[in-house]
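Now for the letters of each chain:
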Amino acid sequence: MTLPARYYTDPAIFHNELERLFFARWICVGRAERIPNPGDYFLVELANESVIVTRSADGALRAFFNVCRHRGTRMCTVVEGSLAGSIQCPYHGWTYGLDGALLGAPHMEQPGFSRADYPLKTVALEAWEGHIFLNFATDPHPLAAQLGKLPARFAAWRMAELRMHRRIVYDAKANWKLIVANYNECLHCPLIHPTLNRLTDYLGADNEPPSPDYIGGAMGFRGGAETMSFGGIRKRAYLPGLSEEQRKIVNYYAIFPNLLLALHPDYIMVHTLWPKAVDRTEIVCEWHFHPDEMAKSNFEGDDAVEFWDQANREDWAISELSQLGIASRSYTPGPYSRREELLHAFDRIAAE
């Protein structure tokens, strides 16, 4: 059965999910290519937390709470940019190096004060194939434990080599779990996605047995299609390293709690989910292609962007209708079909 309404409408459950799933697990926050040089940074905003993700002078990726150690002031307010070698609080001028060390603290020349005692507080950071992950836990387990078999399974796509072509940010008036559930089944495709449904068999998913950390599977093409775009005509070379079999499928995986990863034969699409309220989710979608293809004068990537932008908006619209219906006093849990085992597995994780 589907979950009771409170899992999609109760703010207390929503905040508990943030603490237990988003703040206690590794979450994907973006791509390393977004900050290629020392001092480049972007902000990560989750609930009431703000984190500065940057590169130190030695090129290492670093993440710091956006909180001055003096009187707690939030320091960076622009979403992304480049720091001139340091991070300075706008209130009283406490200044930190790109490694988080306190470099200057005006008017603190007094006995017992040491700059070494007041570095910026860090957030655990690891990277996988160009994807940056953060973990707010005090003593987090390694990212590899959460990813399980996926690094080996997806190695041929060589995601770290790819570069972003386009980013679109969506605002869906739906609980984040409805977005995850919608992503992990295609039974809705004939009605909601007629264009997509012409390219792939909605009953042909080869799903992996559910894992506590991710769910997903692969779907093949039909009707002579070679890629997911309008018409299914591939306008780019296959990603290097893919086998003949891998060129015939798309892998769709949800890595809990917030990464939706779609690995295509000629590009990848990445969604990250950012819950804003019990009934609202911000969704950042990016399309990444191989740089050799992007360097060509006749490169085309917008065919994939426009195709999935349409599908995304169709998905968000139906998820919003689900949110409205679940909020009705008449709603009671309904039965899943046997083809919705991934959704049931995800529900169990959320409930537990």
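Look above for the structure.
Remember, it's a predicted structure, so these values are computed and weren't measured experimentally. (Residues numbered from 1 in each chain as written. Predicted model: local features only at pLDDT ≥ 70, side-chain atom pairs only at ≥ 80, totals over all residues. Heavy atoms only, no water.)

Peer 1: What's the story with the pattern of salt bridges in this structure? I'm lost.
Peer 2: Here the idea is simple: oppositely charged side chains can pair when their charged atoms come close. Scanning all chains against the criterion turns up 16 salt bridges. Between Glu-45 and Arg-74 there is a salt bridge, with the nearest N and O atoms lying 3.5 Å from each other. Of this pair, Glu-45 sits in strand E2 (residues 40-46) while Arg-74 sits in the loop between strand E4 (61-65) and strand E5 (80-82), and the two are 29 residues apart along the sequence. For Arg-74, a relative accessible area of 39% translates into the label partly exposed. One salt bridge connects Asp-171 with Arg-280, and the closest N-O pair in it is separated by 2.9 Å. With Asp-171 in strand E11 (residues 163-172) and Arg-280 in strand E17 (residues 280-289), this pair connects stretches of sequence that are 109 residues apart. (Salt bridge = Lys/Arg side-chain N within 4 Å of Asp/Glu carboxyl O. Helix = DSSP H or I, 4+ residues; strand = E, 2+ residues; numbered from the N terminus. Buried < 20%, exposed > 50% of the residue type's maximum accessible area, 1.4 Å probe, protein only.)

Peer 1: Could you clarify how one ought to interpret the state of the cysteines in this entry?
Peer 2: Two cysteines, two sulfur atoms, one covalent bond between them: this is a disulfide. Under the definition given, this model contains one disulfide. Disulfide partner of Cys-186: Cys-189, at an S-S distance of 2.0 Å. Here the disulfide of Cys-186 and Cys-189 is left-handed, its torsion about the S-S bond being about -105 degrees. Note on accessibility: Cys-186 and Cys-189 belong to one class, buried. Here Cys-28 stays unpaired: no disulfide links it, and the sulfur of Cys-285, its closest cysteine neighbor, is 12 Å away. Classification of Cys-28 as buried rests on a relative accessible area of 1%. Free cysteine: Cys-68, not disulfide-bonded; nearest cysteine sulfur from Cys-89 at 3.8 Å. (Disulfide = S-S within 2.5 Å.)

Peer 1: Would you take a moment to explain the sheet that holds strand E6 (residues 86-88) for this structure?
Peer 2: Strands belonging to one sheet form pairs held by backbone hydrogen bonds; the direction of such a pair is parallel or antiparallel. The antiparallel open sheet is built from three strands, whose spatial order is E6-E7-E8. Bordering the open sheet on either side are E6 and strand E8 (102-104), each of which pairs with just one other strand. This sheet shows a mean twist of 35 degrees between the axes of neighbouring strands, independent of strand direction. By the bridge criterion, three bridges tie E6 to strand E7 (residues 95-97) in an arrangement that is antiparallel. When the sheet's bridge partners are listed, Gln-88 is paired in E7 with Thr-95. (Pairing = 2+ DSSP bridges. Axes fitted to C-alpha atoms, helices over the stretch in contact; angles between N-to-C directions.)

Peer 1: Is there a simple way to explain the side chain of His-131 in this structure?
Peer 2: With respect to the element layout, His-131 can be found in strand E10 (residues 131-135). Every residue in contact with His-131, bar those within four places of it in the chain, is listed here: Cys-28, Gly-30, Arg-31, Glu-126, Met-159, Leu-261, Ile-268 and Val-270. (Contact = heavy atoms within 4.5 Å.)

Peer 1: How do you make sense of the sheet that holds strand E9 (residues 124-128) when you look at a structure like this?
Peer 2: With antiparallel pairing, three strands are arranged side by side in an open sheet as E1-E10-E9. Looking along the sheet, the strands with just one partner apiece sit at the ends: strand E1 (27-31) and E9. Adjacent strand axes in the sheet meet at a mean angle of 30 degrees when their direction is disregarded. Direction of pairing for E9 relative to E10: antiparallel, over a ladder of five bridges. Within E10, the position partnered with Glu-126 by the bridge is Phe-133.

Peer 1: Please clarify how the pairing of strand E14 (residues 249-255) should be interpreted in this entry.
Peer 2: Both faces of the sheet carry side chains from a regular strand, because those side chains alternate between them. Most of E14 is tucked away: seven of the seven residues are buried. Here E14 shows two buried faces, one formed by Ile-249, Asn-251, Tyr-253 and Ile-255 and the other by Val-250, Tyr-252 and Ala-254. Bridge analysis of strand E13 (residues 214-220) against E14 gives seven bridges, and the strand direction is antiparallel. Residue pairing in the sheet places Gly-216 in a bridge with Tyr-253 of E14. Looking at chain direction, E14 and strand E15 (residues 259-263) are connected through five bridges and run antiparallel. For Tyr-253, the partnering residue across the bridge sits in E15 and is Leu-261.

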